[in-house]
Amino acid sequence: MPSPPAMLFNSYPFIFVYFPLVLIGFFLIGKRNARSAAGFLALASLFFYGWWSVKALPLLVASICINYWFGLRLSPAPGRDDRKRKSLLVVALVVNLGVLAVFKYANFFVSNVNDGLAAAGLSQIPLLHIVLPIGISFYTFTQIAFLVDCWQGKVHERSFIHYVLFVTYFPHLIAGPVLHHAQMMPQFANAATYRLDPNKVALGIAIFTFGLAKKLLIADPMGQYADMMFNGVHKGIEPTLYTSWFGALAYTLQIYFDFSGYSDMAVGLSLCLGVQLPLNFRSPYKSTNIIEFWRRWHISLSNFLRDYLYVPLGGNRKGPARRYLNLFLTMLLGGLWHGAAWTFVIWGALHGVFLMINHLWNAKVRRNIPAGPVAHVLGWFLTFLCVVLAWIVFRADGVHTAMAIYKGMLGLHGAPPSAFSELGPVPFRKPEFFQTMLVGIVICLALPPTITLERWIPHPKAVAGQRIMAWCSSAVLAIGTFALFAWCVSKLGNYSPFLYFQF
């Protein structure tokens, strides 16, 4: 019997059954015993993960138990030999990265070896046909950071229940953000977390609704056109200038609103439970250079790569040449983290080159160019163009598909918007397509991140002498949020997983 699909945040079972039951149970138990409430939430998170595949659950549980054991023995203590602790850290990292390599990269490695064997006329190695456990990249990186911090003596929380909850916490488990123990475990140890706060629940529901709207009302419609264009090119259709550019822009908006929407939903769900998740997006498409882009896009992954890869490689401490090499290697491995394909490697390499050029520009040229609105706009345009061009190879099924789209963007396949007419109705011919794209662009470039929603709400106590205005503003926002939620619910029903589930 096939396993049921993952319990998506954008599904009826999650919104109307699972989360209400977890929310009510968590605070009812938390009234009497905080430790029991943490255990309940950890079990609920394991159930959430097991709903996708019971077969993948033992790997997650084993990973948690083994890494907790490693963490206890990696922490500094009287009488412990630092050399042995360092050797144990190496073993722990090899175990974690080895498991990740087997499940995520084994077939990629075998496929490339088979290409070489085929070229030499030799027999090929059978593929392993391993199913990639959902979320393995996120919970592996989360625990690697924990192990390194244990070795450095930065971890002081020893509760096994809190550690299990830290790793399995369902708002982040499937697609991030990549959490740090210092951000989460103190919150699980705080008694105030287990007391219901109506203001946090209200704000959390609003943030969740905005994230749900990003996914259902913008990301999914943009994805319909992006999928048609990329899949059509994969089948051999040559994209024209028109279709190439709109396909690339559609995917640029799809991946932003899909992943940003998931992150907002995770933040909102967690806030309802009294736990604050870290900001993962800060309007990245507003960036005026690629360095700024990576400080705004997938912030938790960027911080992990900086702290646990770029800095250990030497960072900028060993001269400019080594710094540029470290940047390139960090982004190369960051690209490979997203998936076992050469397209992800090329995407990471492109961003590595972009970062190297950006740092070189700042060091050698920027100081001689006066800052101003023209420079600001040009910087934004060039950054956005680089990001869009890189997304093409990130999304493409292969290098051949990406090259066909790049040729189309240069007009080498013609300009008329007719290349995909044989596939059925072309979405960009409909007004709804342009309206959705325009709304998405405005949100990306003009509005602040959803996580700052609290700043938009005038609290009655904070507005002296204007309580009626404050309550009216809150009521309008509540009514608007309810209307938006109802609109989103009307769009539920189709199985629409988030893009980062595959990473």
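Note that this is a predicted model, so its numbers are computed, not measured.

Q: Explain helix H12 (residues 299–310) residue by residue, including any values.
A: Summarising burial for H12: 9 of the 12 residues are buried, a large majority. Among the residues of H12, those classed as buried are Ile 299, Ser 300, Leu 301, Ser 302, Phe 304, Leu 305, Tyr 308, Leu 309 and Tyr 310. Considering only its buried residues, H12 is in contact with helix H5 (136–151), helix H11 (290–296) and helix H13 (320–338).

Q: For the nonpolar core, give the residues involved together with the corresponding values.
A: One finds Phe 9, Phe 14, Phe 170 and Trp 297 to be the most contacted residues of the largest nonpolar core, which totals 140 residues. Among the elements that line this core, the one with the most residues is helix H9 (residues 198–234), at 17 residues. In this structure Phe 9 touches Phe 14, Ile 15, Phe 48, Phe 170, Pro 171, Phe 208, Tyr 262, Met 265, Ala 266, Leu 269 and Phe 498, once residues within four positions along its chain are discounted.

Q: Go over the packing of helix H15 (residues 373–395) against helix H16 (residues 399–409), please, and point to the residues and values.
A: Two measures define how a pair of helices packs: the angle their axes make with one another and the distance between the axes. Where H15 contacts H16, the two axes come as close as 8 Å, and the packing angle between them is 145°. On H16, the residues touching Leu 389, Ile 392 and Val 393 of H15 are Ala 402, Ile 405, Tyr 406 and Met 409. Of the residues that constitute the contact of H15 with H16, the class distribution is 7 nonpolar, no polar and no charged.

Q: Tell me about the packing of helix H10 (residues 241–272) against helix H17 (residues 431–446), and please be specific about residues and values.
A: Two numbers describe how H10 lies on H17: the axes approach to 11 Å, and their chain directions differ by 50°. Relative to H17, the element H10 is oriented oblique. For the pair H10 and H17, the crossing hand works out as left-handed. Contacts between H10 and H17 involve Tyr 242, Phe 246, Leu 249, Ala 250, Leu 253, Tyr 256 and Phe 257 from the first element and Phe 433, Phe 434, Met 437, Gly 440, Ile 441, Ile 443 and Cys 444 from the second. Counted by class, the contact of H10 with H17 contains 13 nonpolar, 1 polar and no charged residues.

Criteria and thresholds
Residues numbered from 1 in each chain as written. Predicted model: local features only at pLDDT ≥ 70, side-chain atom pairs only at ≥ 80, totals over all residues. Heavy atoms only, no water. Buried < 20%, exposed > 50% of the residue type's maximum accessible area, 1.4 Å probe, protein only. Helix = DSSP H or I, 4+ residues; strand = E, 2+ residues; numbered from the N terminus. Contact = heavy atoms within 4.5 Å. Core = buried A, V, L, I, M, F, W, Y, C linked by side-chain atoms within 4.5 Å. Axes fitted to C-alpha atoms, helices over the stretch in contact; angles between N-to-C directions. Nonpolar A, V, L, I, M, F, W, Y, C, P; charged D, E, K, R; others polar. Parallel < 35°, antiparallel > 145°, perpendicular 65-115°, else oblique. Left-handed = near helix turned anticlockwise from the far one by under 90°.

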